[in-house]
Structures are given as C-alpha cells and as structure tokens.
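Structural description and commentary
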Amino acid sequence: MKFSTTAIHAGNEADESTGAVSVPIYQTSTYKQEGLGKHKGFEYARTQNPTRIALEQNLAALEGGKACFAFASGMAAINATMTLLRAGDHVIVSDNTYGGTFRLFDKVLKNFGIEFSYVDTREPQNIEDAARAETRMVFVETPTNPVMSLTDLKAVSEITRRRGIRLVVDNTFMSPYFQRPLELGADIVIHSTTKYLNGHSDSIGGAVILNDEEDIKQMAFIQNAAGAIISPMDSWLVLRGTKTLVVRMKQHDENGRVVAQFLSEHPRVERVYYPGLKSHPQHELACRQMSGFGGMISFETGSLENAKRVLEGVRVCTLGESLGGVESLISHPATMTHASVPVQERNRLGITDGLVRVSVGIEDVEDIIEDLDQAINEL
Ligand code: P1T
C-alpha cells in the first residue's frame, strides 16, 4: 500500500463489536477477566489499551518499522529509549538538538552514569572520531531544531552498523511522510507526536519505532515497567491526525518553500535556515534524503531587540512554543525552546538572541507572508 492509504488504514480496523469506523477511545483502566488467568489479552490499561495499540500499529506502518511504542510526550519517548542503555555506556549526540533533549541528557541521565559526547554530526567522520569501545548509541536530529542542520543518515548508518552501535533518529521535524530513517539504515525512530503527527496543537505525545527484536522486547518491557504511556484520548487524537498527515505535510511544505524564499529576499533578514533553499549548505543532501522540506524555518534578525519586535509584531502567526500544527507558530529559541543550552554553545550553534523560528502553518501563504512582512518592516 502507498503511504497515503497506509496513513488512513493502518491500525484503523472497524471496531469488531459495533463496526465503528473510528477506533473507539477505550477510556478504561482495567478489563473484566473471565476467570483466574483467563482474559481477552487485555489485563490492565498501562500494559494494553486498544486505542493506543491502534496508534502504535499506524505509526509503525508509517515509519516502516516492526513495532511502535507510544508515550506521554516526546521527552518520555526519548527517556524510554535511553533506558535501553546502562551505566557506563557512551552516547554520541548531535551538538544541536531540541533544548529539552539536551537538558534530559545533561541534567538527568548523566547522573546515572551515561556519558554523552556532543559532536557536529553534519560531518560523519566526527562520529567515527568520537566513537569508543563503550559507545552504544548515536542520537541525531535531522534537520535539527532550530538551525536546520542535516545528518547524512545513510553515511552515519554505515559507521554505526560496522561498529554495532544503535542509530537513533528524532524524525519530528520531517514526519515519516518526508523522511523515513529506518529505510536509510537507522535502528530507532523517535517522534514528538505533539507536532506534525497530531498536527492540531491539541495533544502531547511521543513515539518510538524500531526493528530489532531484542530492543522491541526491551522497549515493551520499559513502556510497561516505567509506565509513561500516552492516554487513550491522546492516542485517538494522534490517530485522527495521521489520517490527514499527507495533505497537511504537502501544504506545510508548499507554504514553507514560499515563506523561506520570501525571507531570503527580505533586505532586513540577515540569514535564513531552510534546507529547501539552494543556499542551504546541505541542500543537495536534503534533496537526497528527504522527499520534501517541510514547514520549519529559522531566520536571523540581528539582535534581541529586532527578534522581539518581529515576535510581538505578528498578527496571523502566534507567539508560542511548539510546532507542526495547522496554525503558524513563531518562537524565540534562545529564551524559549533552547534556554537550557549554555549561552556560549547557543551562539556557536547559531542560536543567537536574534534568531526567530517559524513553524509555517497551512493558512493561505499570502496571509503568512503579509504578516511576517509587516512585522519585519518595523525593524
Ligand atoms: O514536547 P514533547 O512532546 O515532549 O517533545 C519533545 C521534543 C522532541 N524532539 C523534538 C525535535 C522537539 O522539537 C521536541 C519539542 N519541541 C518543542 C516544544 C519546540 O517548540 O521545539
């Protein structure tokens, strides 16, 4: 089946008892058992929930993975994945990731004896150079949040395969419609389903999709043992979201290209970060590894004062954290999503006080441009 068909049908079997076309929200904590040890495969809702299982089947199919486990947030999904590791293990991480990912690694997991090396994964050789005998995982975001740097997944997976290291990819920015890391050699894909998969800024969730049988067993165990599961209602919302993933992503991408081009030609914008622009240093890799460029764009306004004017001057775009919803959101990475990254490191990565990030929605693109234009012209 083709992607659009899978998005609508995978996991979405009509309900057996009533024929309901929409998977019911099984809002229950437990299940009646017929006798001791006799049940229908459902014992307790942390362990099994039919709505969550439907979502997991849907997302596994979309990423082309054998199994999916859904969690209460993207961070819960990342945390669960990291518990595949043990004290003494070493992880190589993209130097630019979502600030919350860095915070979890640097402020929480480091205290449990897991060591992290932050490297520029745009250059695969840097991963080779940072690898040690204890390295058990390479964790990358591509494109990265918010400076839109790419990692060549095929090239990196050759290194990780040869060394027997897991390659974990946070695919939140692209969604499986534009990028399928497992097909490029990754071992584990992570999503904040809060973003494009749900798509309507009305739920928080996360997912881990994977292929290795041992890791699947362990992840099932972790999901149940640690218990950071997504709720039935949120499972249903994401499941409804993925039915329109294709049409939404096409529009995010179409609008994103137009907005990026507009920003790149604007005299008051100093620099634009968008892999779809020919001026992006990794544009060629973007064309090879992704089938679209999506709706995430960052741009440099030159100063905190300028960024503030733009962020407070917009009327169609909404100032707020998050991304991937139908409505355009605008944010300030340095003080919002990446405030936990030390200032020197932020500046080195390009997450300056003047950097503004836009999650281009699916409104009429002329309205988005007009809105950004009037705000930027105030500079
Ligand atoms: O917010 P949560 O569902 O827990 O997802 C965390 C997360 C993981 N990975 C990436 C790439 C992300 O961008 C995020 C969350 N990001 C934002 C809230 C943001 O505005 O960038």
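For the structure itself, look to the data block above.
Residues numbered from 1 in each chain as written. Predicted model: local features only at pLDDT ≥ 70, side-chain atom pairs only at ≥ 80, totals over all residues. Heavy atoms only, no water.

**Focus: the packing of aromatic side chains**
One pair of aromatic rings is described through two measures. These are the centre distance and the angle between the planes. We apply this condition: Geometry of aromatic contacts follows a simple scheme: Phe, Tyr and Trp rings, the Trp one being its six-membered ring, pair when their centres are within 6.5 Å, and the pair is stacked under 30 degrees between planes, edge-to-face over 60, tilted otherwise. Put simply, DSSP H or I for four residues or longer makes a helix, DSSP E for two residues or longer makes a strand, and each gets a number counted from the N terminus. Each residue's exposure class comes from its accessible area (1.4 Å probe, protein chains only) as a fraction of the maximum for that residue type: buried when under 20%, exposed when over 50%, partly exposed otherwise.
Evaluated as defined, the whole model comprises 8 aromatic pairs. Summarising the aromatic geometry, the rings of Phe3 and Tyr177 are spaced 5.4 Å apart at their centres and angled 50° between planes, so their arrangement reads as tilted. You can see Phe3 sitting in helix 1 (residues 3-9) and its partner Tyr177 sitting in helix 7 (residues 175-178), a full 174 residues away along the chain. Like Tyr177, Phe3 is buried.

**Some remarks on a negative patch on the surface**
Put simply, the test is: Grouping into patches uses exposed residues only, defined as over 30% relative accessible area, and leaves out salt-bridged ones; the cut-off is 9 Å for like charges and 5 Å for nonpolar side chains (Val, Leu, Ile, Met, Phe, Trp, Tyr). Calculation of accessible area relied on Shrake-Rupley with a 1.4 Å probe; when residues are assessed, cover is drawn exclusively from the protein chains displayed. Any Lys or Arg side-chain nitrogen found within 4 Å of a carboxyl oxygen on Asp or Glu counts as a salt bridge. Positive: Lys, Arg. Negative: Asp, Glu. His and the chain ends are not part of the count. For charged residues, the charge sits on one atom: NZ in Lys, CZ in Arg, CG in Asp, CD in Glu.
Taken together, Asp364, Glu366, Asp367 and Glu370 make up a surface patch of like negative charges. Owing to a relative accessible area of 48%, Asp364 belongs among the partly exposed residues under this scheme.

**Quick word on the site of the ligand**
Heads up, the condition is: When at least one non-hydrogen atom of a residue lies within 4 Å of a molecule or strand, that residue is treated as near it. Residues adjacent in sequence count toward polar contacts only when both atoms are side-chain atoms; beyond that, a polar contact is any pair of N or O atoms within 3.5 Å, and within protein one must be able to donate a hydrogen and the other to accept it. Residue classes follow a fixed rule: Ala, Val, Leu, Ile, Met, Phe, Trp, Tyr, Cys and Pro count as nonpolar, while Asp, Glu, Lys and Arg count as charged, and any other residue, Gly among them, counts as polar.
Taken together, 18 residues sit near the ligand, with Asp170, Ser192, Thr194, Ser322 and Arg357 positioned nearest. Side-chain polar atom of Asp170 to a nitrogen atom of the ligand: 2.6 Å apart, as the coordinates give it. Partitioned by chemical class, the residues of the shell around the ligand number 4 nonpolar, 9 polar and 5 charged.

**Quick look at the pattern of salt bridges**
Following the criterion strictly, the structure yields 21 salt bridges and no others. Residue Asp89 pairs with Arg136 through a salt bridge whose shortest N-O separation is 4.0 Å. Linking Asp89 in the loop between helix 3 (74-82) and strand 2 (90-94) with Arg136 in strand 4 (residues 135-141), this pair joins segments that are 47 residues apart in sequence. Judged by its relative accessible area of 35%, Arg136 is partly exposed. Ionic pairing is found between Asp120 and Arg122, a salt bridge with its closest N-O pair at 2.8 Å.

**Here's the deal with the packing of helix 10 (residues 245-265) against helix 14 (residues 365-376)**
The cut-off we apply is this: Geometry is summarised by axes, namely lines fitted to C-alpha atoms with helices restricted to the contacting stretch, and by angles between N-to-C directions that run from 0 to 180 degrees. Put simply, angles under 35 degrees are roughly parallel, angles over 145 are roughly antiparallel, angles from 65 to 115 are roughly perpendicular, and the rest are oblique. A clockwise turn of the near helix away from the far one marks a right-handed crossing, whereas an anticlockwise turn of less than a right angle marks a left-handed crossing. Contacts are assigned to residue pairs with any non-hydrogen atoms lying within 4.5 Å of each other.
Packing of helix 10 against helix 14 leaves a shortest axis separation of 10 Å and a crossing angle of 25°. In terms of axis orientation, helix 10 runs roughly parallel to helix 14. Helix 14 is crossed by helix 10, and the crossing has right-handed handedness. In contact with Asn255, Val258, Val259, Phe262 and Leu263 of helix 10, helix 14 contributes Val365, Ile368, Ile369, Leu372, Asp373 and Ile376. Its residues placed into classes, the contact of helix 10 with helix 14 shows 9 nonpolar, 1 polar and 1 charged.

**A few points about the sheet that holds strand 12 (residues 355-359)**
For clarity, the threshold we go by: The rule for pairing is simple: two strands pair if DSSP sees at least two bridges between them.
Across the sheet, which stays open at both edges, the 5 strands sit in the order 8-9-12-11-10 with mixed pairing between neighbours. With one partner strand each, in any of the chains shown, strand 8 (271-273) and strand 10 (318-319) form the two edges of the open sheet. Two strands pair when backbone bridges link them, and strand 11 (residues 329-331) and strand 12 are joined in this way by 3 bridges, in the antiparallel orientation. Pairing of Leu329 across the sheet is with Ser359, part of strand 12. Across the face of the sheet, helix 10 comes into contact with strand 8 and strand 9 (296-300) while running at roughly 10° to strand 9.

Note that all results are geometric; they support no functional claim without further evidence.
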